[in-house]
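Structural overview
One-letter residues, chain by chain:
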Amino acid sequence: MGSKGLYLIDKKEGMNGEFGKLVSMMDYTRMTTVAEVKNLTAEQLDFLVNEDANSIGMLLEHMNSVEKAYQIDTFEKREYTEEDIQVLNPGLELGEAARQQIKGNPIEFYLEQLEQTREKTIETFSKLPDTWLFEQAPFWDGEPANNYFKWFHVMEDELNHRGQIRLIKKIMRMTSSVI
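None of these values were measured; they are calculated from a predicted model.

1. Some words on the overall build of the chain
- Each helix and strand counted, the chain has eight helices and two strands in total.
- Helices (α) and strands (β) of the chain occur, in sequence order from the N terminus, as α-α-α-α-α-α-α-β-β-α.
- The C-alpha radius of gyration of the chain comes to 17 Å, within 12% of the 16 Å expected for a compact globule of 179 residues.
- A principal-axis box enclosing the C-alpha atoms of the chain has dimensions of 50 × 40 × 25 Å.
- The burial tally for the chain puts 44% of its 179 residues in the buried class.
- Residue pairs at least 24 apart in sequence account for 68% of intrachain contacts in the chain once pairs closer than 6 positions are excluded.
- For the chain, the computed accessible surface area is about 10000 Å², with 52% contributed by carbon and sulfur atoms.
- Side-chain charges of the chain comprise 20 positive and 31 negative groups, with the mean position of each set lying 7 Å from the other.

2. Examining the side chain of Asp27
- Along the chain, Asp27 falls in helix α1 (residues 17–37).
- Here Asp27 falls in the buried class, since its relative accessible area comes to 14%.
- Of note is the side chain of Asp27, whose polar atom sits 2.8 Å from the side chain of Lys12.

Criteria and cut-off values
Residues numbered from 1 in each chain as written. Predicted model: local features only at pLDDT ≥ 70, side-chain atom pairs only at ≥ 80, totals over all residues. Heavy atoms only, no water. Helix = DSSP H or I, 4+ residues; strand = E, 2+ residues; numbered from the N terminus. Rg over C-alpha atoms; globule rule 2.2 N^0.38 Å. Buried < 20%, exposed > 50% of the residue type's maximum accessible area, 1.4 Å probe, protein only. Contact = heavy atoms within 4.5 Å. Areas by Shrake-Rupley, 256 points an atom, 1.4 Å probe, with all protein chains shown as cover. Lys, Arg positive; Asp, Glu negative; His and termini not counted. Charge placed at Lys NZ, Arg CZ, Asp CG, Glu CD. Polar contact = N/O pair within 3.5 Å; in protein donor to acceptor, adjacent residues only side chain to side chain.

This is the structure we're talking about:
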């Protein structure tokens, strides 16, 4: 991604104006997430603070699943099928199934998934007019939301979980168990 222009929320080559702003924010968010995790071992990625916790690997899988879910919701404008749910879970819902299934992977596994999913997002964004961002549909509790908000939420979710990742890393350092 490189850091040139990373601190500018502005136009992006190949994108309409509003998409450039959104992607600028998404790029910075992703860069800081990757910086937090890029040197972690599989053992660190699988570390659980307690038996009900999410691991860093689980949170990375969740970020990927959330973005895929919003691709379906906003790009395809449809409800999730059973097949979609099979692909998105256990990363989307997390919980016990995720603790059992999302482990043992190196950081490259998670980063490659995140990159592939983001490439699809950016490729699709580059083909859409800015007006698409302002299209509304019923959302949580039937309240209207536009596509701009939904993609803001994808970024917000990543930021939230990056905070959890930082906390998990701090706990690992404090306990000296895997870091």
